[in-house]
Amino acid sequence: MKDMMRGADIVVRSLIAEQAELIFGYPGGAIMPVYDALYDYHEQIKHVLTRHEQGAIHAAQGYARVSGKVGVCLATSGPGATNLITGLADAQIDSTPLVCITGQVAAHLLGTDAFQETDVVGISMPGTKWNIQVRRVEDIAPAIAKGFYIARSGRPGPVLIDITKNAQVDFGEFNYVPCLGFRSYKTHHPIDQSAIKEAAELINQAERPYLLFGQGVVLGKAETELKFFLDKSGIPAASTLLGSGALSEDHPNFVGKLGMHGNYAPNLLTNQCDVLIAVGMRFDDRVTGDLKRYAKQAKVIHLELDPAEINKNVKTTVAVQGDCRESLAMLTEAITAKKHEAWMGKFRELEQQEKAAVVQHDLTPTKVGLTMGEVIHQINQYKADDAVLVTDVGQHQMIAWRYFHYKKPRTQVTSGGLGTMGFALPAALGAQMYDYSRQVICVVGDGGIQMTIQELGTIMQTKAPVKIVLLNNNYLGMVRQWQQLFFDKRYSFTELDNPEFVKIAEAYHIKSQKVTERQDLQEAIEDMLIHDGPFFLEVVVEKEDNVFPMIATGCSVEEVRLS
């Protein structure tokens, strides 16, 4: 006879069957049976009590982004479930695999406006790859199996499984069968050989080819294939925000970063290449600027798994749908080995212009006050090669991305597509809990940290050795920059009166330090990185420093400005 058990135990046993090792969550009435079941399985699966459900889902995202596994979180019904929505939307646009399980009122109470009843399936539908409400105990294990399969396969994404309380407390048979696929969902697309041939011909004939790579390279585990392609082709390559780390920045073909606050040459020369090769990226508006003036002179080759992204924003000359790990390998085999020294020289020449106009200001400033750039530069001197950078959203995010040296895959964790303030602190916790021995450096602004600052309590309780660097300019810096440049310095509600952050961190028993003078910065960063445990470092930076280069909204990539 098969095992008979409560639905709540089936939930936990199903998670264990999927090799989930860590859950982030917050208990409540409608999910309490599952928490009761967890009490008996604490040696097989670990649970982390965050201080807010949004903290739980961002922590699950950080865990998933660094580990490559499916992140798992739990929440109760009503407000517990709705507090996950921002994280679901964030994970959906950034292709992060999650399985979120929420409790729900008993099935007979659905639609009666029962206490803490909310239609979380309806609310979350636009922000999930798949969601479902489970009302019967016998449907729990199949739903979880399908959810994990959907979350991790193809283009990853978040799944929400809402389980009514009666399903959790009723008894049923436990017979877990992993999902290996179903007819309506296709995850593998055979590579079109004719498309590879056509793409190779365009690349072989190109005089100024240019490659853009995104997070799809990391998700497809195609980092080695990308390197081999660039080694043979000699083509300059630039990364999107989430593509950072897919190629070591030490690689001779790496020319910088794309986008609104990316590097000068990679943006400007997009409109001078004759063949543009996009690998695992979706032509986001922050990369393209004005689409009507984006790479109109170029033949476009797009290597992409998700058919919905092909021709969505930029019309392609050759589309190669499928796993970029396969398509890059096939394309490498088909192309002729070349060097593009003159074309690469244009990138290096413009790189020097950016160094003189921007980098020198950021890294060797003449101002009395500290700059955000020099803080990141000092971190680079002491961090490990595989250190993980977790950033929030704003000026500090762009500066940290620009100056952090990425050498390994899965070392970049940030909210890219949604731009979620409050993301960094819980995401850094999740990243750190995957591997306590690895350096996880959380860089956050004074605005964003106050949205999820309560997760310092989770860091205290778990003793996760996250290194938190708060760049404090007493402003909502990115909004203030736009107000300065485009709204005549009308600083409308962007200046912050901040608390004593170090005292708050110390109240959570986290070792802390505040730096206001340049001569104290290096030693403070050294102390932080060698400290055995969590560390909170507040650095007071220039109040009105700006992030350049910059492409203003509605402008062309060739209108990138250095000041």
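Everything below is about the structure shown above.
Residues numbered from 1 in each chain as written. Predicted model: local features only at pLDDT ≥ 70, side-chain atom pairs only at ≥ 80, totals over all residues. Heavy atoms only, no water.

> Describe the sheet that holds strand β6 (residues 130–134), listing the residues and the values that go with them.
If you trace the six strands from one edge of the open sheet to the other, you get β3-β2-β4-β5-β7-β6, paired in parallel fashion. Whereas interior strands pair on both sides, the edge strands pair on one side only; in this sheet they are β3 (46–49) and β6. On average, each strand axis in the sheet is inclined to that of its neighbour by 20 degrees, with strand direction left out of account. Where strand β2 (residues 22–25) lies against β3, four bridges are found, and the strand directions are parallel. Paired with glycine 25 across the two strands is leucine 49, which belongs to β3. Across the face of the sheet, helix α7 (residues 140–152) comes into contact with β4 (71–75), β5 (98–104), β6 and β7 (158–164) while running at roughly 170 degrees to β6. (Pairing = 2+ DSSP bridges. Helix = DSSP H or I, 4+ residues; strand = E, 2+ residues; numbered from the N terminus. Axes fitted to C-alpha atoms, helices over the stretch in contact; angles between N-to-C directions. Contact = heavy atoms within 4.5 Å.)

> Before we move on, can you summarise the sheet that holds strand β14 (residues 318–321) with the specific residues and values?
To summarise the sheet geometry, strands pair through backbone hydrogen bonds and adopt either a parallel or an antiparallel arrangement. Read across the sheet, six strands follow the order β11-β10-β9-β12-β13-β14 without closing on themselves; strand pairing throughout is parallel. In this open sheet, the two strands that pair with only one neighbour each are β11 (254–257) and β14. Strand-to-strand twist of the sheet, defined as the mean angle between neighbouring strand axes without regard to direction, takes the value 20 degrees. When strand β13 (residues 299–304) meets β14, the two strands line up parallel, connected through four bridges. Residue pairing across strands places glutamate 304 opposite glutamine 321, the latter belonging to β14. Where helix α14 (residues 324–334) meets the sheet, its contacts fall on β12 (275–279), β13 and β14, and the angle it forms with β13 comes to roughly 135 degrees.

> Describe the nonpolar core, with residues and values.
Tyr210, Leu276, Phe283, Tyr294, Val375 and Val539 are the most contacted members of the largest nonpolar core, which has 65 residues in total. If we skip the residues at most four places from it in the chain, tyrosine 294 touches Leu212, Thr270, Asn271, Leu276, Phe283, Val287, Thr288, Val314 and Val557. (Core = buried A, V, L, I, M, F, W, Y, C linked by side-chain atoms within 4.5 Å. Buried < 20%, exposed > 50% of the residue type's maximum accessible area, 1.4 Å probe, protein only.)

> Break down the pattern of salt bridges for me, with residues and values.
Summed over the entire model, instances satisfying the criterion amount to 24 salt bridges. Ionic pairing is found between lysine 69 and glutamate 21, a salt bridge with its closest N-O pair at 3.3 Å. You can see lysine 69 sitting in the loop between α3 (53–67) and β4 and its partner glutamate 21 sitting in the loop between α1 (7–17) and β2, a full 48 residues away along the chain. We classify lysine 69 as partly exposed; its relative accessible area is 34%. You can call glutamate 21 partly exposed: its relative accessible area is 34%. (Salt bridge = Lys/Arg side-chain N within 4 Å of Asp/Glu carboxyl O.)

> Residue-level account of unusual backbone geometry, with values.
With an omega of 0 degrees, the peptide bond running from phenylalanine 548 to proline 549 counts as cis. Looking at where proline 549 falls in the secondary structure, it is placed in the segment after β20 (535–540). Positive phi, normally seen in glycine, also occurs at aspartate 113, with a value near 60 degrees. Counting through the fold element by element, aspartate 113 comes out in the loop between β5 and α6 (120–124). One non-glycine residue with positive phi stands out, namely glutamine 116, at about 60 degrees. Checked against the element boundaries, glutamine 116 lands in the loop between β5 and α6.

> I'd like to hear about the packing of aromatic side chains, residue by residue, with values.
Think of a pair of aromatic rings as described by two things: how far the centres are apart, and how the planes are tilted against each other in angle. Applying the stated criterion across every chain, the model contains twelve aromatic pairs. Put simply, the rings of Phe24, Tyr63 and Tyr434 pair up and form one aromatic cluster. One Lys or Arg, lysine 146, reaches over the ring of phenylalanine 182 and ends 4.5 Å from the middle of that ring. One residue, arginine 480, lies across the ring of tyrosine 475, its end atom 5.7 Å from the ring centre. (Phe/Tyr/Trp six-rings, centres within 6.5 Å; stacked < 30°, edge-to-face > 60°. Lys NZ or Arg CZ within 6 Å of the ring centre and 35° of its normal.)

> Lay out the pairing of β7 with the relevant residues and their values.
The element β7 is extensively covered by neighbouring structure, given that seven of its seven residues are classed as buried. Side chains Pro158, Leu160, Asp162 and Thr164 of β7 all project onto a buried face; the interleaved residues Val159, Ile161 and Ile163 project onto the opposite face, where all are buried too. Two strands pair when backbone bridges link them, and β6 and β7 are joined in this way by five bridges, in the parallel orientation. Each residue of the ladder has a partner; that of isoleucine 132, found in β7, is isoleucine 161.

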